[in-house]
Amino acid sequence: GARDGLHFGEPFLHDLVGRIGARLVHAQCLAEDSGGDTPRRNGVHAHVLLAGWVFTAAILQVDPVAHPTSHRLRAGVLIGFLALHSILAKRIYAHPPAGVPTGEAQAGAQLMYYGGDYIDVVLIALLCLDWYRRTAVTNPVPPAAVSARS
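These figures come from a predicted structure and were not determined experimentally.

Draft legend 1. Representation of the confidence of the model for the chain within the structure. Averaged over all residues, the pLDDT of the chain equals 78, while 69% of them reach at least 70. At the level of individual helices and strands, the chain shows its lowest average pLDDT in helix α1 (residues 11-31), which scores 58, and its highest in helix α4 (residues 102-135), which scores 92. In this model residues 1-6 is a low-confidence stretch, pLDDT under 50, and it forms six contacts with partners more than four residues away in sequence or in other chains.

Put into structure tokens, the structure is as follows:
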């Protein structure tokens, strides 16, 4: 049926909200030069982890959702996210954020870039598996039955 407006289950909405929030929180922490402020840094890391978890839940839609999103849309959003994630990692490596030592930024960027590939493969495989299971023919007609009807 026809759908109107955006719903909270939309994966691109999760990505957008998570990215904007993470960027603002991270930028504020760096601007204030939190240095050894472990609770603040842990808060930033927790936010990034939770945003990734919510995005993954929106892409895979394992739990029932009121307004399910098509596999095609989720695959497109995932492909776009993977590209942006890699671009961001390269940007961080080449231009570390203010207040972050170059070595730490480059190590984090490498983990983000190469470590993200492993997570990407798992997400792609799970999305494709779900797509196949939901669209596969469950009772195919045997070839003999088709030729007998002719």
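On we go.
Draft legend 2. Seen up close, helix α2 (residues 38-60). Between its first and last C-alpha, α2 extends 33 Å over 23 residues, near the 33 Å set by a 1.5 Å rise per residue. Residues of α2 that are buried include every one of Val44, Phe55, Ala58, Ile59 and Leu60, and no others. Positioned one or two residues after α2, glutamine 61 has a phi angle of 45°, which is positive.

Draft legend 3. Focus on the packing of α2 against α4. Running from amino to carboxyl end, α2 crosses α4 at an angle of 25°, the nearest separation of the two axes being 10 Å. For the element pair α2 / α4, the angle class is roughly parallel. Where α2 abuts α4, its residues Thr56, Ile59 and Leu60 lie against Leu123, Leu126, Leu127 and Asp130. Its residues assigned to classes, the contact of α2 with α4 comprises five nonpolar, one polar and one charged.

Scoring rules and cut-offs
Residues numbered from 1 in each chain as written. Predicted model: local features only at pLDDT ≥ 70, side-chain atom pairs only at ≥ 80, totals over all residues. Heavy atoms only, no water. pLDDT = per-residue confidence, 0-100. Helix = DSSP H or I, 4+ residues; strand = E, 2+ residues; numbered from the N terminus. Contact = heavy atoms within 4.5 Å. Expected span 1.5 Å × (residues − 1). Buried < 20%, exposed > 50% of the residue type's maximum accessible area, 1.4 Å probe, protein only. Axes fitted to C-alpha atoms, helices over the stretch in contact; angles between N-to-C directions. Parallel < 35°, antiparallel > 145°, perpendicular 65-115°, else oblique. Nonpolar A, V, L, I, M, F, W, Y, C, P; charged D, E, K, R; others polar.

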